[in-house]
Amino acid sequence: MASAPQGHLSQTKPVLNRDRFHALRLTTLCTLIAMVASLLLTTVGVLLTGQRDWLAAITLALLIPLLLAPAFCYPVFNRLTALARENRQLRQQAREDHLTGLFNRPHLFSMLERELSLSQRHDYAVSILLVEIVDFTDLLDRHGRRLSDQLLRLFSERIRDKIRESDLFGRIDGAQFLLVLPHTDYQDAQHMAEGLRALSATIELRQNDQSVDFSIRIGAACTENSGRQLNALLNEADYALYQNRNDHRAQETA
């Protein structure tokens, strides 16, 4: 992902209306605080010095911050608000897959490592499911990029709606996904895999009034069998997925 050239951030990331509105609210608040503070200081000064022309002093105490604070605060808050929004977007892009909105590979692996560390500390099982859409390249060649992207987004949404809030789901390759299941043993992970297969069978995808069929295969692994090392867990799931590929090819040959 190309980054914006330095010095031209305002051109590539313009200030939006919601940034201006937020800056206006902050400026109003800052102006009111300045006016109150100025009024209090002026009142104390008038009382201590015995100034007779107190009305003029108080008027100036209100007018000065009313004129100066917006002129100084609004441009500053406007730019700071835009920068804060841009930083949030960059952080989001750093952890999310651009197409599906799921976690991307680096962020998901980082969270999986953290989950494995917690599971070792608190002694609970963690399972993973490596999910792959079968023959996605052929589907892409036959039906094109638009339908293939639609399938990835629809598949991601349906799975994301099914899983628990504590589960971690991300896209780690073109048509390959990883589901992390904390507090889940191998048997429960297999039940979850069957549920995902059944769910994928309900997804309807059409092109030119014709149904587009697809299937998935899943490789499961659990810390009960492979330990709590990230690579060992992923290798076990990948091996199970490899076995499923071979079984699928054998069925096609038969």
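These numbers come from a predicted model, not from an experiment. (Residues numbered from 1 in each chain as written. Predicted model: local features only at pLDDT ≥ 70, side-chain atom pairs only at ≥ 80, totals over all residues. Heavy atoms only, no water.)

Here we take up the packing of helix H5 (residues 136-162) against helix H6 (residues 186-201). Running from N to C, H5 and H6 cross one another at 135°; their axes reach a closest spacing of 11 Å. Between H5 and H6, the interaxial angle falls into the category oblique. Like other packed secondary-structure pairs, H5 and H6 cross with a definite hand, here right-handed. Within the contact between the two elements, H5 uses Phe 155, Arg 158, Ile 159 and Lys 162 and H6 uses Met 192, Gly 195, Leu 196, Leu 199 and Ser 200. (Axes fitted to C-alpha atoms, helices over the stretch in contact; angles between N-to-C directions. Helix = DSSP H or I, 4+ residues; strand = E, 2+ residues; numbered from the N terminus. Parallel < 35°, antiparallel > 145°, perpendicular 65-115°, else oblique. Left-handed = near helix turned anticlockwise from the far one by under 90°. Contact = heavy atoms within 4.5 Å.)

Moving on, we come to the confidence of the model for the protein chain. Note that predicted coordinates carrying low pLDDT should not be read in detail. Overall, the prediction assigns the protein chain a mean pLDDT of 84, with 87% of residues at 70 or greater. Element-level mean pLDDT values for the protein chain span from 40 in helix H1 (residues 9-12) up to 96 in strand E3 (residues 176-182). In the predicted structure, residues 1-12 sits below a pLDDT of 50 and forms seven contacts with residues beyond four places in sequence or in another chain. Confidence drops under a pLDDT of 50 for residues 250-254, and excluding neighbours within four residues, the segment shows one contact in the predicted structure. (pLDDT = per-residue confidence, 0-100.)

If you trace the backbone, Ser 226 turns up in helix H7 (residues 223-226). Ser 226 gets classed as buried once you look at its relative accessible area, which sits at 19%. At 3.2 Å, the side chain of Ser 226 and the side chain of Glu 236 are in polar contact. Setting aside residues no more than four positions away along its own chain, Ser 226 makes contact with Ala 232, Leu 233 and Glu 236. (Buried < 20%, exposed > 50% of the residue type's maximum accessible area, 1.4 Å probe, protein only. Polar contact = N/O pair within 3.5 Å; in protein donor to acceptor, adjacent residues only side chain to side chain.)

This part takes up helix H2 (residues 17-49). The end-to-end C-alpha separation of H2 is 47 Å, in line with the 48 Å expected for 33 residues at 1.5 Å each. Those residues of H2 that fall on the buried side of the exposure criterion are Asp 19, Ala 23, Thr 27, Thr 31, Met 35, Ser 38, Thr 42 and Val 46. Backbone geometry just after H2 places Gly 50 at a positive phi near 70°. (Expected span 1.5 Å × (residues − 1).)

Our next topic: the sheet that holds E3. Reading across the sheet, the four strands line up as E2-E3-E1-E6 and stay open at both edges, with antiparallel pairing between neighbours. Pairing within the sheet leaves two strands with one partner each, and these edge strands are strand E2 (168-171) and strand E6 (216-222). Across the sheet, the axes of successive neighbouring strands diverge by a mean angle of 15°, strand direction being ignored. Pairing between strand E1 (residues 126-133) and E6: seven bridges, direction antiparallel. Across the sheet, Leu 129 pairs through a bridge with Ala 220, a residue of E6. (Pairing = 2+ DSSP bridges.)

This paragraph deals with the environment of Ser 166. Summarising the element assignment, Ser 166 is placed in the loop between H5 and E2. Of the residues examined, Ser 166 reaches a relative accessible area of 44% and is grouped as partly exposed. Expressed as a C-alpha distance, the spacing of Ser 166 and Val 180, which sit 14 residues apart in the sequence, is 8.9 Å.

The full count for this structure, using the stated rule, is six salt bridges. The partner of Arg 228 in a salt bridge is Asp 123, with the nearest N and O atoms 3.9 Å apart. Residue Arg 228 is located in the loop between H7 and helix H8 (230-253), and its partner Asp 123 is located in the loop between helix H4 (105-122) and E1; the two are separated by 105 residues in the primary sequence. Given the relative accessible area of 27%, Arg 228 is considered partly exposed. (Salt bridge = Lys/Arg side-chain N within 4 Å of Asp/Glu carboxyl O.)

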